[in-house]
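Coordinate analysis (summary)
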Amino acid sequence: MLLKTWRWFGAKDTVTLKEIRQVGATGIVTALHHIPNGEVWDISEIQKVKTEIETNGLTWEVVESLPVSEGIKQATSDRDRLIANYCTSLQNLAACNVKTVVYNFMPVLDWARTDLKYQLPDGSETMYFDFPTFIAFDVYILKRPDGEKDYPAHLVELAKVIASKMSAEEGEKLAYNIIIKTQGFIDGTIDGNTINPKQAFLSLIAKYKDINETQLRENLRYFLAKIIPVAEECGVKMCIHPDDPPFQLLGLPRIVKTAADLRWILDVVPSPSNGITFCTGSLGPRTDNLLPEMIREFGNHIHFLHLRNLNKSANGSFYEAGHLDGELNMTEIMKAVVSEQLRRRKEGRSDWQIPVRPDHGLKILSDFDRKDNPGYPLSGRMKGLAQLEGLAKGIAAMME
Ligand code: DNO
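Residues numbered from 1 in each chain as written. Predicted model: local features only at pLDDT ≥ 70, side-chain atom pairs only at ≥ 80, totals over all residues. Heavy atoms only, no water.

Turning to the overall build of the chain, a few remarks are in order. The helix and strand tally for the chain stands at 14 helices and 12 strands. A compact globule built from 400 residues would reach a C-alpha radius of gyration of about 21 Å, and the chain, at 20 Å, matches this within 12%. In terms of principal-axis extent, the alpha carbons of the chain reach across some 60 × 55 × 40 Å. Split into buried and exposed, the 400 residues of the chain put 59% on the buried side. Accessible surface for the chain amounts to roughly 16,600 Å². Of this, 51% is attributable to carbon and sulfur atoms. Of the charged side chains in the chain, 47 are positive and 52 negative; the average position of the first set lies 2 Å away from that of the second. (Helix = DSSP H or I, 4+ residues; strand = E, 2+ residues; numbered from the N terminus. Rg over C-alpha atoms; globule rule 2.2 N^0.38 Å. Buried < 20%, exposed > 50% of the residue type's maximum accessible area, 1.4 Å probe, protein only. Areas by Shrake-Rupley, 256 points an atom, 1.4 Å probe, with all protein chains shown as cover. Lys, Arg positive; Asp, Glu negative; His and termini not counted. Charge placed at Lys NZ, Arg CZ, Asp CG, Glu CD.)

For the rest of this paragraph, the subject is the sheet that holds strand S9 (residues 302-307). Taken in spatial order, the 8 strands line up as S1-S2-S3-S4-S7-S8-S9-S12 and close into a barrel, and their pairing is parallel. Along the sheet, successive strands turn relative to each other by an average axial angle of 30°, direction set aside. Alignment of strand S2 (residues 27-30) against strand S3 (residues 59-64), held across 4 bridges, turns out to be parallel. Counterpart to Gly27 in the pairing with S3 is Thr59. Against the sheet, helix H2 (residues 43-55) engages S2 and S3, with an angle of about 130° to S3. In the packing of helix H4 (residues 79-95) onto the sheet, the strands contacted are S3, strand S4 (100-104) and strand S7 (237-241), and the crossing angle to S4 comes to about 155°. (Pairing = 2+ DSSP bridges. Axes fitted to C-alpha atoms, helices over the stretch in contact; angles between N-to-C directions. Contact = heavy atoms within 4.5 Å.)

Quick look at the nonpolar core now. If you look at the biggest cluster of nonpolar residues, it comprises 117 residues, and the most contacted ones within it are Phe134 and Phe137. Ranked by the residues each element gives to this core, the list is headed by helix H9 (residues 213-234), at 10 residues. Inspection of this core shows a minimum of three residues originating in each of domain 1 (3-110 + 211-399) and domain 2 (115-206). Not counting chain neighbours up to four residues away, the residues in contact with Phe134 comprise Leu109, Ala112, Thr114, Phe129, Tyr151, Ile178, Leu249 and Leu250. The next biggest cluster of nonpolar side chains, apart from the first, holds 7 residues, and it includes Phe9, Leu116, Ile186 and Tyr376. (Core = buried A, V, L, I, M, F, W, Y, C linked by side-chain atoms within 4.5 Å. Domains from an automatic or database assignment.)

We now examine the sheet that holds strand S11 (residues 318-321). If you walk across this open sheet you meet the 4 strands as S5-S6-S11-S10, and the pairing is antiparallel. Each having just a single partner strand, strand S5 (115-119) and strand S10 (309-312) make up the two edges of the open sheet. Adjacent strand axes in the sheet meet at a mean angle of 40°, parallel and antiparallel pairs treated alike. Pairing between strand S6 (residues 125-129) and S11: 2 bridges, direction antiparallel. Each bridged residue has a counterpart across the sheet, and for Tyr128 the counterpart in S11 is Tyr319.

On to the packing of helix H5 (residues 131-141) against helix H6 (residues 153-165). Relative orientation of the contacting elements H5 and H6 amounts to 75°, with a least axis distance of 8 Å. Considering their axes alone, H5 and H6 lie roughly perpendicular with respect to each other. Across the interface between the two elements, Phe131, Pro132, Thr133, Ile135, Ala136 and Tyr140 from H5 touch Leu155, Val156, Leu158, Ala159, Lys160, Ile162 and Ala163 from H6. Counted by class, the contact of H5 with H6 contains 11 nonpolar, 1 polar and 1 charged residues. (Parallel < 35°, antiparallel > 145°, perpendicular 65-115°, else oblique. Nonpolar A, V, L, I, M, F, W, Y, C, P; charged D, E, K, R; others polar.)

What follows covers the packing of helix H13 (residues 330-346) against helix H14 (residues 378-399). At a minimum axis separation of 9 Å, H13 and H14 run at an interaxial angle of 60°. With respect to H14, the element H13 is oriented oblique. Considering how the two elements wind past one another, H13 and H14 form a crossing that is right-handed. Here Met330, Thr331, Met334, Lys335, Val338, Ser339 and Leu342 of H13 come into contact with H14, specifically with Leu388, Leu391, Ala392, Ile395, Ala396 and Met399. Its residues placed into classes, the contact of H13 with H14 shows 10 nonpolar, 2 polar and 1 charged. (Left-handed = near helix turned anticlockwise from the far one by under 90°.)

And the structure:
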């Protein structure tokens, strides 16, 4: 029922393609991580990775991500060249028959967590986004000018207390986790080689001083107007990834947070190629995001699914829970997914199965003996995938 996929970070990944085959995934989700952001992905480079995947009995199902350069998000004088490169990469991917492509439009920071080793009562580990701690990082560690004005006053008060109790070493660790550890491996603009990362981070943020949400939307519209016709012509389905977490951070504009945002994106350049990565964990921290309803509304445009769960609190904080364990009603979410698939199948569509990956996973069992990227342990994700598959099979059997 599910087209089961798995994120693989290429040669540097400690989980091998052979292992991925045994966890039961058939599709790989990966990127040309070795090509610098903004450069063209050549056919020969794409083909090399594709061949490696296929040699191991798997298929390259989804590109996550073909990164959108900061110059495109900021509409610098270089953006047309960067967009032309982007289009060439899309055509090259299509020539190799890799036709589902993830991207996001988050300025500077891709995703944010404040604790990468939060322990659950059973000894497993997960990731936490504590909003006051994030504000402590922004206002008191990074010391972004006027940062406190971008958050509710009562949260800044909490942040102040948190910062006052933090040792210099803990503060540095928090900054390292937010700026580098969670960013470098997913083609972030700042990696472990950057000298003075905090300064570099502040300079990147400062570039958005005159870009508000309206302007960033206009920059996204411009980008979509150029790339979607190219994608449509070569049969590529673009899927924008929502902002994680789905609210403003660091005073930066964020425009992929709600159903209204997604509606705007789909309407501004209407095309079957203009689609969504429906990520339950990214959209989930907001109580106004009613996930099953959103799947029903946007179903036709959902080309890729990230399924994960979380437990949240009223101030925007959350931690990632087991795939079936958190507050998001995964059964209702899966019912909406299965209905959409059955609808497509009835219409005779070849893309009736939406690729899905267990997004992140808890660190459990032998995961503690391996080095992995935050959120991407082997056993925890494998458990998540198995749970999601069982749920989907059960639901499909009852519906069919
Ligand atoms: C983190 C991921 C993100 C995601 C990108 C998509 O684990 O969910 O890095 O891949 O935002 O462009």
